[in-house]
Each structure stands twice: as C-alpha cells, then as structure tokens.
Amino acid sequence: LQSLLDTKSVYILDCLTDLFIWIGRKSSRLVRAAALKLGQELCGMLHRPKHAMVIRNLEGTECQVFKSKFKNWDDVLKVDYTRNAESVVQTDGLQGKVKKDAEKKDQMKADLTALFLPRQPPMPAAEAEQLTEEWNEDLDGMEGFVLEGKKFARLPEEEFGHFHTEDCYVFLCRYWVPVEHEEEEEQQQSKKRKINNDGDEEDDEDDDEEKQPEEDFQCVVYFWQGREASNMGWLTFTFSLQKKFESLFPGKLE
C-alpha cells in the first residue's frame, strides 16, 4: 500500500525484473547511500534477466511502473479549500518570501550573446604546458586509481589525463608546504652578532643547519565520476578508500 511509504525512510522493492529504490524526501543522506549500495548488491545476488536494472524513485516523482506495483496509488494532492490567499500570507508569513521570489525572477536574465560569437581559439600547447608547470610547482607526487568492479585499482601513469565516461577515478596528490618560523630572523641576527664578536663563523653555521625547519606537506584527494558511471564509485570511495587515506595522512588530507 502507498500508505506504508514513510517520507523519513528509504525502501527497496524487489520485483525480480526490476529493483526499485524509493527515497523519502526527509530521509538522511547516510540512509540513502546505504540503500543504493544495498540495492546494487541485491541486484547481483539473484539470477535476473539481462534487462534487469536498479531504478531510483524520489518521493513525489515516482515513475508509472513503480506506481503500478501499488494498489490504488493516489496522485491527488490534498488541498484545504477553507483557506484563502490572504490567510495563507498572514499565518504562514509568506509575504516576504513572495516578494523575494518575484525580485529573483526579475534578476534571472541570461546573456545569450556568447552563443552567437565566434569560437575562441584554442590555447597553444606551449602556453598550456607552462601554466601546468606553474600550477603544479608545489606538487611532490600524484597517484591515480580507477574503479574496477567493486575496488579501486592503481592507474598506470601513461593513462593519466584520459577519462572515460563510464569510469570513476581518484587522484591522491601530495603538495609541498613551506614552513616559516619566526625564530629564523632571530637566529640570523644572533649569528651576525656572534661573527662580529668572536669571528667563530663555522660553529654557528653548524648550529644553524641543525635548526633548519623541516618541510611540511598537504594531501588533496580529487574524485572524478563519468556521466554514465554508476554511483557505486562514490559509495566505494566514501566507505573504503577515503577512510584508508585519512588513516594514512591524519590531519593532512583534504
């Protein structure tokens, strides 16, 4: 029955040839993600026809096939005819919102002249390489991963820069971060004073080398998903690979 569907929950309806996931509008993101992953696993557990697929349905936008699985599905919206426009504005405080929406509507004007202008010339390869070098000046290293089945496999370096619309990629980049200490200036000033006083420059150089600050680093993870790729890539990354990266680089991962 339609009344069994709670707006705060997510439901899976298995019809063998199709597996439906109904998502309530007030359900949490975690429950939605878990339901999508569970739906994919359930789809592979049983022997199903080749055309079987997992279909998502958001509350209020259900497809006709999903509705046909329920007895007397009701699409009629409930309307309270005892209220008029003035009472709605007074009780719900919508007057200010209506004005703001009207102002936004006036401001939403698109400039279409760019569609009729000639195409911009492509950037020369030499200029593109120079920009890449400047942007990646602090890049220490990069590792790539691609989703193969249910796990992320290491991506060969010769395939970096090639993206396929049905795949999901993860890139772990390590950036060098310079460490600046306020003590450096004081050390240099004391070094000059010491040289002027006793001329013992070599000993002070040794001390200065020992006190040089260590280099720091920061890791950034980039996730790329193709238009035709399933959401399994993002779920697999969130529930497995991301946690592994966080344990390897605590406090230094973005």
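As shown above, the structure is provided for reference.
Residues numbered from 1 in each chain as written. Predicted model: local features only at pLDDT ≥ 70, side-chain atom pairs only at ≥ 80, totals over all residues. Heavy atoms only, no water.

### A closer look at the overall build of the protein
Right, so step 1: For the protein, the count of helices and strands is 8 helices and 7 strands.
Right, so step 2: Considering the protein as a whole, with its 254 residues, one finds that 21% of them fall into the buried category.
Right, so step 3: In the protein, the share of contacts with a sequence separation of at least 24, taken over all contacts with a separation of at least 6, comes to 64%.
Right, so step 4: Of the roughly 20300 Å² that the protein leaves accessible, carbon and sulfur atoms contribute 51%. (Helix = DSSP H or I, 4+ residues; strand = E, 2+ residues; numbered from the N terminus. Buried < 20%, exposed > 50% of the residue type's maximum accessible area, 1.4 Å probe, protein only. Contact = heavy atoms within 4.5 Å. Areas by Shrake-Rupley, 256 points an atom, 1.4 Å probe, with all protein chains shown as cover.)

### Points about a nonpolar patch on the surface
Right, so step 1: The grouping of Leu16, Met45 and Leu46 at the surface amounts to a nonpolar patch, some 320 Å² of accessible area in total.
Right, so step 2: In this fold, Met45 is placed in helix H1 (residues 29-45). (Patch = residues over 30% accessible without salt bridge, like charges linked within 9 Å, V, L, I, M, F, W, Y side chains within 5 Å. Salt bridge = Lys/Arg side-chain N within 4 Å of Asp/Glu carboxyl O.)

### Re the packing of H1 against helix H8 (residues 232-248)
Right, so step 1: Packing of H1 against H8 leaves a shortest axis separation of 10 Å and a crossing angle of 115 degrees. The two elements H1 and H8 cross, and the hand of that crossing is left-handed. Along its contact with H1, which presents Leu30, Ala33, Leu36, Lys37 and Gln40, the element H8 presents Met232, Leu235 and Phe239.
Right, so step 2: For the contact of H1 with H8, the residue count by class is 6 nonpolar, 1 polar and 1 charged. (Axes fitted to C-alpha atoms, helices over the stretch in contact; angles between N-to-C directions. Left-handed = near helix turned anticlockwise from the far one by under 90°. Nonpolar A, V, L, I, M, F, W, Y, C, P; charged D, E, K, R; others polar.)

### Quick notes on a negative patch on the surface
Right, so step 1: Residues Glu129, Glu133, Glu134, Glu137 and Asp138 make up a contiguous surface patch of negative charge.
Right, so step 2: Locating Glu137 in the fold gives a position in the loop between helix H5 (125-135) and strand S4 (139-148). (Lys, Arg positive; Asp, Glu negative; His and termini not counted. Charge placed at Lys NZ, Arg CZ, Asp CG, Glu CD.)

### Comments concerning unusual backbone geometry
Right, so step 1: The phi dihedral of Leu16 falls on the positive side, at around 70 degrees, and the residue is not glycine.
Right, so step 2: Mapped onto the elements of the fold, Leu16 is located in the loop between strand S1 (10-14) and strand S2 (18-23).
Right, so step 3: With relative accessibility at 43%, the residue Leu16 sits in the partly exposed group.

### Some thoughts on the environment of Phe70
Right, so step 1: Relative to the helices and strands, Phe70 resides in the loop between helix H2 (64-67) and helix H3 (85-92).
Right, so step 2: Of the residues examined, Phe70 reaches a relative accessible area of 15% and is grouped as buried.
Right, so step 3: Considering only alpha carbons, one finds Phe70 and Leu1, 69 residues apart in sequence, at a separation of 5.6 Å.
Right, so step 4: The contact partners of Phe70, leaving out residues within four places of it in the chain, are Leu1, Gln2, Leu5 and Leu13.

### A short note on H1
Right, so step 1: For H1, with 17 residues, the first-to-last C-alpha span of 25 Å sits near the 24 Å given by 1.5 Å per residue.
Right, so step 2: Of the positions making up H1, those classed as buried are Ala33, Ala35, Leu36, Gly39 and Cys43. Along the axis of H1, the buried residues cluster in a sector spanning 160 degrees; they form a single face. Turned more than 90 degrees away from the buried face of H1, the exposed residues are Leu30, Gly44 and Met45. (Expected span 1.5 Å × (residues − 1). Arc of directions from axis to C-beta.)

### What about the nonpolar core?
Right, so step 1: By size, the foremost hydrophobic cluster in this structure holds 14 residues, and its most contacted members are Phe152, Val170, Leu172, Val221, Phe237, Leu241 and Phe245.
Right, so step 2: For this core, the elements supplying multiple residues, two or more each, are S4, strand S6 (168-177), strand S7 (216-225) and H8.
Right, so step 3: Apart from the residues within four sequence positions on either side, Phe152 is in contact with Phe145, Val146, Leu147, Cys168, Val170, Phe223, Gly233, Thr236, Phe237 and Leu241.
Right, so step 4: Grouped together as the second largest cluster of nonpolar side chains are 9 residues, Ile21, Leu36, Met232 and Leu235 included. (Core = buried A, V, L, I, M, F, W, Y, C linked by side-chain atoms within 4.5 Å.)

### Some remarks on the pairing of strand S5 (residues 151-154)
Right, so step 1: As judged from the 4 bridges shared by S4 and S5, these two strands associate in the antiparallel manner. In the strand pairing of S5, Val146 is matched with Ala153.
Right, so step 2: Joining the antiparallel neighbours S4 and S5 is a turn of 2 residues, in which Gly149 adopts a positive phi near 75 degrees. (Pairing = 2+ DSSP bridges.)

### Considering the pattern of salt bridges
Right, so step 1: Tallied over the full model, the rule gives 3 salt bridges.
Right, so step 2: Between Asp140 and Arg174 there is a salt bridge, and its shortest N-O distance comes to 4.0 Å. One end of the pair, Asp140, is in strand S4; the other, Arg174, is in strand S6, with 34 residues separating them in the sequence.
Right, so step 3: According to the relative accessible area criterion, Asp140 is exposed, its value standing at 51%.

Nothing here speaks to function; it is all geometry.
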